[in-house]
Amino acid sequence: MIVEFEPKLDSFAEHLIEMKTAQSRVYLLYASTEDAQVIFRDAATYNMTEAGHVWIVTEQALSAPNTPDGVLGLQLEHVNSDHSHIKDSVYVLASAIIEMRQNETITEPPKNCDDSGVNWESGKRLFHYLKTRNITGETGQVAFDDNGDRIYAGYHVINMRPKQKRQIVGEFYYDPAKATMRLHINDSLIIWPGRQRKKPEGIMIPTHLKVLTIEEKPFVYVRRLTDDEVACVDDEVPCPLFNNTNGVENDYCCRGYCIDLLKALSQRINFTYELGLSPDGQFGHYILKNSTTGTLPSSPPKKEWTGLIGELVNERADMIVAPLTINPERAEYIEFSKPFKYQGITVLEKKPSRSSTLVSFLQPFSNTLWMLVVVSVHVVALVLYLLDRFSPFGRFKLSHVDSHEEKALNLSSAIWFAWGVLLNSGIGEGTPRSFSARVLGMVWAGFAMIIVASYTANLAAFLVLERPKTKLSGINDARLRNTMENLTCATVKGSSVDMYFRRQVELSNMYRTMEANNYDTAEQAIEDVKKGKLMAFIWDSSRLEYEASKDCELVTAGELFGRSGYGIGLQKGSPWTDAVTLTILEFHESGFMEALDKAWIFHGNAQQCEQFEKTPNTLGLKNMAGVFILVAAGVAIGVGLIIIEVIYKKHQVKKQKRMDIARHAAAKWRGTIEKRKTIRTSLAMQRQYNVGLNSNPGTISYTVDKRRYHRLGGGSRVPEKAWLGDNDMLRNRRYLDPAFKPKHSPKVHGPMLGKIKHSGNLMPPKYSPGYTSDVSHLVV
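Residues numbered from 1 in each chain as written. Predicted model: local features only at pLDDT ≥ 70, side-chain atom pairs only at ≥ 80, totals over all residues. Heavy atoms only, no water.

**Description of the overall build of the chain**
What the chain contains, in helices and strands, is 23 helices and 24 strands. Buried positions account for 34% of the 780 residues belonging to the chain. Pairs at least 24 apart in sequence give 68% of the contacts found in the chain among residues at least 6 apart. Counting every atom, the chain has about 48,500 Å² of accessible surface; 56% of that belongs to carbon and sulfur. (Helix = DSSP H or I, 4+ residues; strand = E, 2+ residues; numbered from the N terminus. Buried < 20%, exposed > 50% of the residue type's maximum accessible area, 1.4 Å probe, protein only. Contact = heavy atoms within 4.5 Å. Areas by Shrake-Rupley, 256 points an atom, 1.4 Å probe, with all protein chains shown as cover.)

Shown next, in the form of structure tokens:
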């Protein structure tokens, strides 16, 4: 610590209080005699001049009247020999002028020294010759540096004794043999502050340290105390979080890999600690700030650290016990112990899984193959139908059953047979009968066996067997180096991994893409990897291996790169660095660090994940839901078809009823006609019977008809031919009717009409009963 103060102050207590908090107990004082007197007075008030402290002062401060006992100071040799100093200085000046006169011409100097516009070049050359002097005079070796200051001046080391006595305990002198200055001190002659003969340590080693950590599973687990809890449990350590923004301190409890390491260190090297969490929740990164102000010339920007590193650099903490990666940027500002765990950088991703869709059961075959199978079923069914239908041996009789001819295979039965053979279902009926069709059926059965066996084997490969382990091959994967839109990768802002990517020129393109996706904490990134929002998370291998062992759905991809280690951070020049390093090396040799790895990082889950990978996946509803949906669709189609069949059947029944009613009416009408015919036949038979009895060639109906239709009487026509036939009468009456206009030519109907004689408008009745005396065809 360097403290600059205003001269001639009445009190230096404020500066001394600030110095008292430092670990160092060695004070280098450069002050005038007056200021040194005030500083010694205030230091004595705060017991800073007692045992354990060391004061090294300049010659002026050594002359203060109240210089404490044990103070060490420097005093120039021959300090009181003015004659010797003047003699040496004149000799140096004379030798420089002589050498200059031999080599150069000395010009006349300016008359007035106030004339700043005149430069005496010979004066500059003389100054150059003076700086090159190196002589041995009465005051020792006389030589100068580039600025003209004397070097190789000899000093006495003075030790203040009681009553302001000065004791020479050593000297700083010039060694001509090696042409360098040497220091010789007789430690046995020195009396240290507090009148101690033993040399003090010069530092105050604090035994109570302020230790900081950060939440990073599995190294540090953080749990907040609830309102009902008063203290942490046995395996936890209180680790309050002090919020710099609002000044509120929250109570938390910490446990984990680093907490167990901290406990072991404190017991082994004997210190107590006060644990706290990182105020901003980050490991820390540097921010470049320009320190130039006003018109001063520009200077390099200054690095200001945040997070845990910032707390250590600003001396607000003594130690960092966390998974702190050792890298050059941090090692420039803080001390690191030897690594307590070696690790590297790797990539975390979610294991690729086969997409289980509703049609997962169709994945073993391509769409083209499925279409060919369906087409083949119906083509074979059609060929079977044609072969069985047109084969001369397709129909034959079963002599041992009955004598009726067996039906040939129809198209519906052929389709049913083809699907039944393919799906390995029993075929009860509708099998081919001809030899040619049966040969095709056997070939189709062999085809079905091969298709079903291939489907079964390939279904197991798609739905049951081991999945591919990773999608990425590692950091050198081309998809990471040239990031695509559907592949996002990220790390944690300001972390050691982030710094690693900044340093690597070959990863600059990848880093520019990552920088926009980086997360504040590793927990957020790992959660997004599990959800599938983040494809690849690049982070320390120890943490990612822990996450992969805890969740078998996660996996680390590729080999480690950027290998480094986790170390314990300490302040620059901390007295605890060597002790912590030696203790960590002992822990590695004794197996303590390996025990921490098994207890906190692996958790014994690595073997479970390995066994899980070797075990085939169990098929669930998600994999086979499509089959059930297919069955449900078949049921729905069947129900739909049966509804259509019922509706069609009802329509057919109604149509059949109408046909039955029409047939019944027609039958009834036909019955009536037949009944009438039967009555007429009976009457005719009766008349025939009466003729036979009376030998009267006439009949009753003939007599009546003769009376009504007198035109029928006479002539040579016999009674049975008195009336024209029914057909002739109906056909000819149309031509006797004046209202009727014949459609045919008179040449056709003329001869017929000429044979018909009629008188006036008298016509036979339209519905005259047919009559004939020949009823022999009715007699049975």
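After that view, the rundown keeps rolling.
**Examining the UniProt feature "binding site: L-glutamate" (unreviewed entry) in the chain**
Per the UniProt entry, the sites bearing "binding site: L-glutamate" (unreviewed entry) are Pro 323, Thr 325, Arg 330, Ser 496 and Asp 540 in this numbering. By relative accessible area, Pro 323 is classed as buried at 2%. If sequence neighbours within four positions are ignored, Pro 323 has contacts with Glu 216, Phe 219, Cys 258, Phe 283, Phe 340 and Tyr 566. Relative to the assigned elements, Arg 330 resides in helix α8 (residues 328-331). (UniProt positions renumbered as here; feature names shortened; annotations may be inferred.)

**What about the pairing of strand β8 (residues 165-175)?**
As judged from the seven bridges shared by strand β7 (residues 155-161) and β8, these two strands associate in the antiparallel manner. The residue bridging Tyr 155 from the neighbouring strand is Phe 172, located in β8. Taken together, the six bridges between β8 and strand β9 (residues 180-185) define a ladder with antiparallel strand orientation. Paired with Phe 172 across the strands is Leu 183, a residue of β9. Linking β8 back to β9 in an antiparallel pair, the connection comprises four residues, with Ala 179 at a positive phi of about 55°. (Pairing = 2+ DSSP bridges.)

**Some remarks on the packing of helix α6 (residues 257-269) against helix α17 (residues 577-590)**
Where α6 meets α17, the axes come as close as 10 Å, and the angle between the chain directions of the two elements is 115°. What the angle tells us is that α6 and α17 run roughly perpendicular. Handedness of the α6/α17 crossing: right-handed. Contacts between α6 and α17 pair Leu 261, Ala 264, Leu 265, Arg 268 and Ile 269 from the former with Ala 579, Val 580, Thr 583, Ile 584, Glu 586 and Phe 587 from the latter. Residue classes in the contact of α6 with α17 are distributed as eight nonpolar, one polar and two charged. (Axes fitted to C-alpha atoms, helices over the stretch in contact; angles between N-to-C directions. Parallel < 35°, antiparallel > 145°, perpendicular 65-115°, else oblique. Left-handed = near helix turned anticlockwise from the far one by under 90°. Nonpolar A, V, L, I, M, F, W, Y, C, P; charged D, E, K, R; others polar.)

**Comments concerning the sheet that holds strand β11 (residues 221-224)**
Sheet architecture is open: three strands sit in the order β11-β15-β12, paired in antiparallel fashion. Edge positions in the open sheet fall to β11 and β12 (237-238), since each of these has one partner strand only. Examined bridge by bridge, β11 and strand β15 (residues 252-255) share four bridges and lie antiparallel to one another. Looking at β15, one finds that Val 222 is bridged to Cys 254.

**A short note on the side chain of Asp 597**
Mapping Asp 597 onto the fold places it in helix α18 (residues 592-602). Overall, the relative accessible area of 16% leaves Asp 597 in the buried class. One polar contact links Asp 597 to Tyr 257, side chain to side chain, over a distance of 3.3 Å. Excluding anything up to four places from it in sequence, Asp 597 contacts Tyr 257, Lys 341 and Phe 602. (Polar contact = N/O pair within 3.5 Å; in protein donor to acceptor, adjacent residues only side chain to side chain.)

**Re the nonpolar core**
Core analysis: the biggest nonpolar cluster contains 45 residues, and Phe 501, Met 510, Phe 537, Ile 538 and Trp 539 have the highest contact counts within it. With residues up to four places along the chain from it excluded, the contact list for Phe 501 reads Ile 475, Leu 507, Met 510, Tyr 511, Met 514, Ile 538 and Phe 561. Residues Tyr 221, Val 237, Ile 269 and Tyr 546 belong to the second largest nonpolar core, which totals 36 residues. (Core = buried A, V, L, I, M, F, W, Y, C linked by side-chain atoms within 4.5 Å.)

**Some remarks on the UniProt feature "site: Crucial to convey clamshell closure to channel opening" (unreviewed entry) in the chain**
Feature annotation in UniProt assigns "site: Crucial to convey clamshell closure to channel opening" (unreviewed entry) to the following positions: Leu 472. With respect to the helices, strands and loops of the structure, Leu 472 is situated in the loop between α11 (435-463) and α12 (478-481). Leu 472 sits in the buried class, given a relative accessible area of 5%.

**Quick look at the state of the cysteines**
By definition, a disulfide links two cysteine residues through a covalent bond between their sulfur atoms. For the structure on display, the rule yields two disulfides. The partner cysteine of Cys 232 in its disulfide is Cys 253, sulfur to sulfur 1.7 Å. Its torsion about the S-S bond being -85°, the disulfide of Cys 232 and Cys 253 is classed as left-handed. With a gap of 21 residues between them, Cys 232 in the loop between β11 and β12 and Cys 253 in strand β15 connect regions that are remote in the sequence. Here Cys 239 connects covalently by a disulfide to Cys 254, the sulfurs 1.9 Å from one another. Of note, the bridge from Cys 239 to Cys 254 carries an S-S torsion of about 90° and is right-handed in sense. Placement of the pair is Cys 239 in the loop between β12 and β13 (241-242) and Cys 254 in strand β15, with a sequence separation of 15 residues. Taking relative accessible area as the criterion, Cys 254 reaches 0% and is therefore assigned buried. (Disulfide = S-S within 2.5 Å.)

**Things to note about α17**
In this model α17 runs 20 Å from its N-terminal to its C-terminal C-alpha over 14 residues, within 8% of the 20 Å that 1.5 Å per residue would give. Of the residues making up α17, those classed as buried are Thr 577, Val 580, Thr 581, Thr 583, Ile 584 and Phe 587. Along α17, the residues classed as buried sweep out an arc of 165° about the axis, all on the same side. Summarising the geometry of α17, the exposed residues directed more than 90 degrees from the buried face are Asp 578, Leu 582, Glu 589 and Ser 590. Along its buried surface, α17 packs onto α6, β19 (319-325), β20 (335-336), β24 (554-570) and α18. Positioned one or two residues after α17, Gly 591 has a phi angle of 90°, which is positive. (Expected span 1.5 Å × (residues − 1). Arc of directions from axis to C-beta.)

**With respect to the pattern of salt bridges**
By the definition in use, this model includes 19 salt bridges. The salt bridge partner of Glu 138 is Lys 87, with a shortest N-O separation of 2.8 Å. Separated by 51 residues along the polypeptide, Glu 138 in the loop between β4 (134-137) and β5 (140-144) and Lys 87 in helix α4 (residues 82-103) bring together distant segments of the chain. Residue class for Glu 138 comes out partly exposed when judged on its relative accessible area of 36%. The exposure class assigned to Lys 87 is partly exposed, which follows from its relative accessible area of 47%. (Salt bridge = Lys/Arg side-chain N within 4 Å of Asp/Glu carboxyl O.)

**Quick look at the packing of aromatic side chains**
The way to describe two aromatic rings as a pair is by their centre distance and the angle between their planes. The tally for this structure, following the rule as stated, stands at 19 aromatic pairs. Between Phe 271 and Tyr 273, the ring centres sit 6.4 Å apart and the planes meet at 65°, which makes this aromatic pair edge-to-face. Its relative accessible area of 23% is what places Tyr 273 among the partly exposed residues. Ring pairing ties together the aromatic residues Phe 219, Tyr 257, Phe 340 and Tyr 566, which thus form one cluster. (Phe/Tyr/Trp six-rings, centres within 6.5 Å; stacked < 30°, edge-to-face > 60°.)

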